[in-house]
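# Tertiary structure, described
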Amino acid sequence: MVDKFNRFRYQPCLPLGADGRRVTASDAHIALSKQAATEGIVLLKNDNHTLPLQQGERIALFGKATIEYIKGGGGSGDVHCPYIRNIFDGFAQKEQADKVYIYKPLVEFYKDYVKAESVNVLTPEQINARWDIVNNMEFCTERDDMTYDTFAAMHVKEAEVPDELIVSAAENAQTAIITLSRFSAEGVDRRPIAGDYYLSDLEKNLIDRCCELFKKVILVVNSGAVIDCEYFAENEKIGAVLFAWQGGMEGGSALADVMCGDVTPSGKLADTIARSYDVYPTKEDFWECFDHVDYSDDIYVGYRYFETIPGAKEQVRYPFGFGLSYTAFALSDLLVFAHNGKIVVTVNVTNTGRIAGKETVQVYYSAPQGLLGKPAKQLAAFKKTKTLQPGETETLLLTFDIANMASFDDLGKVQKSAYVLEKGEYTFHIGTSVRDTQTADYVYEVNENTVTAQYKNWCRPFKLAKRMLSDGSFEALPQEEPSYYYGEVAPSGAVAPEQEQKFDEVLGDLSMDAFVSQLTIDELAYLVGGQAPTGVANTGCFGGLKRLNIPAIPTADGPAGLRLEPETGIPTTAWPCATLLACTWNTDLIEQVGAGGGAELRENNIGVWLAPALNIHRDPLCGRNFEYYSEDPLLAGKCAAASVRGIQSQKAAVSIKHFACNNKEANRFASDSRLSERALREIYLKAFEICVKEADPWTLMSSYNLINGLHTSESYELLTEILRNEWGFKGMVVTDWGVKNRPVVEVKAGNDMKMHCGYPDELKAAYEAGELTRAELELCVKRILTMFTKLV
């Protein structure tokens, strides 16, 4: 019989390409990475047709990204790839086709600068030495500062360009292209300071000088998350502004394609960009302390805050969903109606310009304020057109469930712990951003308050004092002593086979219950803990038990590419960061990217990809926002579901993360996210719910942080009652790496796998003391092994 798990047991080198070549970092995958990078670039300003660049335009490239382009964020999401195409590389390709001419002395300056300053960039040995110090410190300001400084030292600082070189560049080039670079990473948050969220004096001086000397100035942002735009947004001498994000290994080429007009920009913002960090409602809670974060903004996150709260709308620089094109589009023949429990929207999109391009239609609804209070608008559906030629029209059909407009009542104002459609009129707004919409004639009317789903008050807050209401005021919340519910697991009743059966038999006639009943308590306790890596994996394995031939399933980090260590000699494709992918608003494209990543996993005998990550961009300074999609849970959930479908189509499992409320990196192992049940369900769990219901992820990763006083990995209410019993999740749950917590409680909560290692002695002692049952251990192991069967 063929060993269906031989790729995990023996790690064969079997290229998956149709021509017998490897698909890992193949030309096709690199081309797909570049395509995705172009489609997620957002054009925010384009006065007087500054872009696209004219044939033969003479350009000067400013900013260290000319040579040291930031392809993605740091930490577990980093990727070792064959090369990184910087901005000079991208435009050099265009110069070969006589599309532009580059002022070379400026390029040589940056080459020399990056080479010289690279001696100050930390080596891997120096980085590891710092981490040894950091990881042995209690969390404090000093540790946070050291982490921040360590990541900052992984790249060269921005260069100060000699004035005579700027003058010479202006004499020899028409157009200055200034790139502002930002780098952030896992384990530490960004800061509202110059050179990070705000522009540095050096950057401002460079912008000022270029505006004085050049005929045209274009500004590009190379960052995984938003930065302050006020210094350049209204500067009349800056003709164009693009957010190019972090575009992966082909980011520089993608940018050149867009700026030269080979690709028409079609990206739309996945986040609101405000006029200052000081106007975000999260700024005080986010920085209050290291011990906890009060989500006092409640459901009013991102555009839900800025479009709703009185006076906040004027504080927006660029609204959610906004993005310009080189062409123009018209929406017509709008039709909205209700049918079979759904709202149906049809609309014609016509390219009325002279250049081919794509447009994204966004559907928002407005619900009656009622007793619960609602955001002014909420995204309900979206769809991107194909590439439309000038004059071409496409009819788009968008639908969503009427029940999706319900609000969660956590205090019993209408009905406690229920999703409720409050009585009144529901209106619909269709357009190309949260602000550029037309209101449909159709109104959906609810005559009486209607419960669409009844649940229980799981994961309720105990210490959250207040939360925001739709008028900007706050309501007090009840305070009580923490208490948490845990259920019981009934024995399966299965009988072990008379003769020992190997794991391969569960793919045939042997039931999983019967197979697991063969395992001893020692083996059960062993299997719910992670094991050492095999093959090229560096994040450990699930499973592995020789007696019954259970394979060890290797795992690998993500999500911006399959993360293998350089010493393996296997570079992989570096895909664009998640923020950029969300800005494509193209779930078909994201699914293709997922399939590409999944194929690289399969080819390298990796079973589980620790990706995608779909936490909400609650605050623009969360250090890991580059790994996450958006401030909006619908957009984040749809993007994640597309990625999961693509990855798992290759018989590689995902591990969607970090479940949940991992919206701040500082003290992430011990920080308590304190929020209302309504905010939890409508905002912070919603993306995960969408992904689970639409894409069936095979594994899910609990987060480091606590939710309302309890670690997520220990929460039966979160992992069993909500995730499994309400949503129907069928997969396994794994902890994030290196967290201790309480292994016995984790098993009872339904957290199946402990990574990177288990604590079998603690589990066995708890079993012998009557604190842990065999049924509880068996249930975890069955879920783990059931996931294994999906990989063949």
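The text that follows walks through the structure, step by step, so that each part is easy to find. Starting afresh in each chain, residues are numbered from 1 along the sequence in its written order. Reporting in this predicted model follows two pLDDT cut-offs: at least 70 for local features of residues, and 80 or more for side-chain atom pairs to be given and counted; totals over whole chains, interfaces and linings ignore these cut-offs and use all residues. With hydrogens and water excluded, all non-hydrogen atoms of the structure serve as input to the side-chain values.

Here we come to the overall build of the protein chain. Secondary structure summary: the protein chain contains 23 helices and 30 strands in total. For the exposure calls, accessible area comes from a 1.4 Å probe over protein chains only, and a residue counts as buried if that area is under 20% of its type's maximum, exposed if over 50%, partly exposed in between. Looking at the protein chain as a whole, 63% of its 792 residues qualify as buried. Counted over contacts in the protein chain with a minimum sequence separation of 6, partners at least 24 positions apart contribute 76%. Residues scored as charged are limited to Lys and Arg (positive) and Asp and Glu (negative), so that His and the chain ends carry no count. Charged side chains are reduced to one point each, which is NZ for Lys, CZ for Arg, CG for Asp and CD for Glu. On the protein chain, the mean spot of the 79 positive side-chain charges and the mean spot of the 108 negative ones are 3 Å from each other. The secondary structure listing takes helices from DSSP runs of H or I that are at least 4 residues long and strands from runs of E that are at least 2 residues long, numbered from the N terminus. Only heavy atoms enter the contact rule, under which two residues are in contact if any of them lie within 4.5 Å.

So, on to the packing of helix α16 (residues 587–603) against helix α17 (residues 633–648). Axes here refer to lines fitted to C-alpha atoms; in helices the fit is confined to the stretch in contact. Angles between the N-to-C directions go from 0 to 180 degrees. α17 packs onto α16 with a crossing angle of 40 degrees between their chain directions and a minimal axis gap of 6 Å. By the criterion of interaxial angle, the relationship of α16 to α17 is oblique. Here α16 and α17 pass one another in a crossing that is right-handed. Residues T587, I590, E591, G594, A595 and G598 of α16 form the contact with α17, whose own contacting residues are K638, C639, A642, S643, R645, G646 and I647. Here the residues of the contact of α16 with α17 are counted per class, giving five nonpolar, five polar and three charged. When an angle is under 35 degrees it counts as roughly parallel; over 145 it counts as roughly antiparallel; between 65 and 115 it counts as roughly perpendicular; any other value is oblique. Left-handed describes a crossing in which the near helix is turned anticlockwise from the far one by less than a right angle; the clockwise case is right-handed. Under the grouping applied here, Gly and all other residues not named as nonpolar or charged are polar, the nonpolar ones being Ala, Val, Leu, Ile, Met, Phe, Trp, Tyr, Cys and Pro and the charged ones Asp, Glu, Lys and Arg.

Let us now look at the sheet that holds strand β30 (residues 732–734). One bridge is not enough; two strands pair if DSSP finds at least two bridges between them. In space, the six strands of this open sheet follow the order β22-β23-β24-β25-β27-β30, with mixed pairing throughout. Both edges of this open sheet fall to β22 (541–545) and β30, since each of them pairs with a single strand only. Neighbour to neighbour, the strand axes of the sheet diverge by 25 degrees on average, direction disregarded. Strand contacts of helix α20 (residues 716–726): β25 (653–659), β27 (699–702) and β30, with the helix running at about 150 degrees to β30, the strand carrying the most contacts. Where helix α23 (residues 774–789) meets the sheet, it contacts β22, β23 (550–557), β24 (608–610), β25, β27 and β30, and its direction lies at approximately 80 degrees from that of β23.

The omega torsion across A611 and P612 is -5 degrees, close enough to zero to call that bond cis. Residue position: P612 is located in the loop between β24 and α17. Phi at S417 takes a positive value of approximately 60 degrees, unusual for a residue other than glycine. For S417, a relative accessible area of 4% puts it in the buried group.

A few words now on the side chain of S671. Mapped onto the secondary structure, S671 falls in the loop between β25 and β26 (672–674). Judged by its relative accessible area of 4%, S671 is buried. Excluding its chain neighbours within four sequence positions, the residues that come into contact with S671 are F290, D291, H292, V293, A666, N705 and L706.

By nonpolar core is meant a set of buried Ala, Val, Leu, Ile, Met, Phe, Trp, Tyr and Cys residues that side-chain atoms within 4.5 Å join together. Membership of the largest hydrophobic core comes to 161 residues, with the highest contact counts inside it found for L53, F62, F91, F214, M259, F659 and Y684. When residues no more than four places from it in sequence are discounted, the contact partners of F91 are L53, I59, L61, V100, I102, I177, A256, M259 and C260. In terms of nonpolar packing, the next biggest core, distinct from the first, is built from 45 residues, M512, I521, M755 and L791 among them.

The term salt bridge refers to a pairing of a side-chain nitrogen on Lys or Arg with a carboxyl oxygen on Asp or Glu at a separation within 4 Å. A complete count under the given rule lists 66 salt bridges for this structure. Ionic contacts of the salt-bridge type, sharing partners, join the residues E186, R624, E627, K657, E665 and R668 into one network.

Our focus in this paragraph is the packing of aromatic side chains. Here a Phe, Tyr or Trp ring, Trp counted by its six-membered ring, pairs with any other such ring whose centre lies within 6.5 Å, and the pair is stacked when the planes are under 30 degrees apart, edge-to-face when over 60, and tilted otherwise. For the structure shown, the criterion picks out 34 aromatic pairs. With a centroid separation of 4.8 Å and an interplanar angle of 50 degrees, the aromatic rings of F243 and W245 are classed as tilted. A residue is classified by how much of its surface remains accessible, and F243, at 0% relative accessible area, is buried. On the basis of an interplanar angle of 75 degrees and a centroid distance of 5.2 Å, the ring pair of F286 and W287 is categorised as edge-to-face. Judged by its relative accessible area of 1%, F286 is buried. Residue W287 is classed as partly exposed on the basis of its relative accessible area of 34%. A ring is considered to have a charge above it if a Lys NZ or an Arg CZ atom is located within 6 Å of its centre and within 35 degrees of its normal. In this structure, K664 is placed above the aromatic ring of F286, and the distance from its NZ or CZ to the ring centre is 5.4 Å. In this structure, K740 is placed above the aromatic ring of Y759, and the distance from its NZ or CZ to the ring centre is 4.5 Å.

Turning our attention to the pairing of β23. Within β23, seven of the eight residues are buried, which leaves it mostly tucked inside the rest of the structure. For β22 and β23, the ladder comprises four bridges, and the chain directions are antiparallel. When the sheet's bridge partners are listed, F542 is paired in β23 with I553. Joining the antiparallel neighbours β22 and β23 is a turn of four residues, in which N549 adopts a positive phi near 60 degrees.

What follows covers the packing of α17 against helix α19 (residues 686–695). Put simply, α17 and α19 touch, their axes get as near as 8 Å, and they point 35 degrees apart. At the point where α17 passes α19, the crossing takes the right-handed sense. On α19, the residues that touch P633, L634, A636, G637, K638, A640, A641, V644, R645 and Q648 of α17 are K686, A687, I690, C691, E694 and A695. Its residues assigned to classes, the contact of α17 with α19 shows 10 nonpolar, two polar and four charged.

Of all the positions in helix α5 (residues 124–134), only I127, W131 and V134 are classed as buried. Down the axis of α5, the buried set is contained in an arc of 60 degrees. They therefore lie on one face. For α5, the exposed residues set more than 90 degrees away from the buried face come down to E125 and D132. Buried residues in α5 make contact with α6 (141–152). To obtain the arc, one takes the directions from the helix axis to the C-beta atoms.

Time to look at the sheet that holds strand β29 (residues 710–711). Across the sheet, which stays open at both edges, the four strands sit in the order β8-β26-β28-β29 with mixed pairing between neighbours. The sheet terminates laterally at β8 (292–294) and β29, the two strands that pair on one side only.

A helix is expected to reach a length of 1.5 Å times the quantity of its residues less one. The terminal C-alpha atoms of α16, which comprises 17 residues, lie 24 Å apart, in line with the 24 Å expected from a rise of 1.5 Å per residue. Within α16, the full set of buried residues consists of L589, I590, V593, G594, G596, G597, G598, A599, E600, L601 and E603. Packing partners of the buried residues in α16 comprise α2 (27–40), α15 (578–584), β24 and α17. Its side-chain oxygen placed 3.2 Å from the backbone nitrogen of D588, N586 serves as the N-cap of α16. Looking one or two places after α16, you find N605, whose phi comes out positive at around 60 degrees. Whenever two N or O atoms come within 3.5 Å, that pair is a polar contact, provided that in protein one can donate a hydrogen and the other can accept it, and provided that, for residues adjacent in sequence, both atoms are side-chain atoms.

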